[in-house]
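One letter stands for each residue in the lines below.
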Amino acid sequence: MSKLKRIPKFKNEDEEADFWSKHDSTEYVDYSKAKSSITFANLKPSTKTISIRLPESLIKHLKLLANKRDIPYQSLLKMFLAEKVEEELRGTAK
């Protein structure tokens with residue numbers, strides 16, 4: 001790989017954003033040395049609270065399934081809902 005260029009110092013985020021919109025980052029960063037295991041533990045996706053009426057029997061079954069997986073039933077419900085929505089969007093729903 002050829003020698004990398006030095007990343008300039010920026011006065012603010014706008015200046016940096018302008019710079020990167022006009023320059024190729026591969027001339028400044030060696031991505032072969034990048035770490036891929038970085039996580040943002042405290043980053044949470046934004047959520048919105050909704051109210052939904054479900055049959056008690058469905059909630060009971062969700063709680064049983066969630067208990068087997070050792071997760072909260074609301075989390076299991078979100079997982080199931082997300083999977084089904086993704087299926088529908090891909091057109092692979094049964």
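Everything discussed here concerns the structure shown above.
Peer 1: Describe the overall build of the protein chain, with residues and values.
Peer 2: From N to C terminus, the protein chain includes three helices and zero strands. Counting helices and strands in the order they occur from the N terminus, the protein chain gives α-α-α. Against the compact-globule benchmark of 12 Å for 94 residues, the protein chain has a radius of gyration of 23 Å, which places it well outside the compact range. C-alpha atoms of the protein chain, sized along the principal axes, occupy 65 × 30 × 30 Å. Across the protein chain, every contact between residues at least 6 apart in sequence was considered, and the portion connecting residues at least 24 apart equals 12%. Surface accessibility of the protein chain: about 9300 Å² in total, with carbon and sulfur atoms responsible for 54%.

Peer 1: A description of a negative patch on the surface should follow, citing residues and the corresponding values.
Peer 2: On the surface, a cluster of negative charge is made up of Glu-13, Asp-14, Glu-15 and Glu-16. Relative accessible area serves as the criterion here: at 64%, Asp-14 is assigned to the exposed category.

Peer 1: Tell me about the packing of aromatic side chains, and please be specific about residues and values.
Peer 2: Per the counting criterion, the structure on display carries four aromatic pairs. Here Phe-10 and Phe-19 contribute two aromatic rings whose centre-to-centre distance is 5.3 Å and whose plane-to-plane angle is 55°, an arrangement assigned as tilted. Aromatic side chains Phe-19 and Trp-20 sit 4.9 Å apart centroid to centroid with 80° between the ring planes, which places their arrangement in the edge-to-face category. Note on Phe-19: relative accessible area 12%, which makes it buried. Taking relative accessible area as the criterion, Trp-20 reaches 25% and is therefore assigned partly exposed. Over the face of the ring belonging to Tyr-73 we find Lys-63, whose NZ or CZ atom lies 5.0 Å from the ring centre.

Quick notes on the rules
- Residues numbered from 1 in each chain as written.
- Predicted model: local features only at pLDDT ≥ 70, side-chain atom pairs only at ≥ 80, totals over all residues.
- Heavy atoms only, no water.
- Helix = DSSP H or I, 4+ residues; strand = E, 2+ residues; numbered from the N terminus.
- Rg over C-alpha atoms; globule rule 2.2 N^0.38 Å.
- Contact = heavy atoms within 4.5 Å.
- Areas by Shrake-Rupley, 256 points an atom, 1.4 Å probe, with all protein chains shown as cover.
- Patch = residues over 30% accessible without salt bridge, like charges linked within 9 Å, V, L, I, M, F, W, Y side chains within 5 Å.
- Salt bridge = Lys/Arg side-chain N within 4 Å of Asp/Glu carboxyl O.
- Lys, Arg positive; Asp, Glu negative; His and termini not counted.
- Charge placed at Lys NZ, Arg CZ, Asp CG, Glu CD.
- Buried < 20%, exposed > 50% of the residue type's maximum accessible area, 1.4 Å probe, protein only.
- Phe/Tyr/Trp six-rings, centres within 6.5 Å; stacked < 30°, edge-to-face > 60°.
- Lys NZ or Arg CZ within 6 Å of the ring centre and 35° of its normal.

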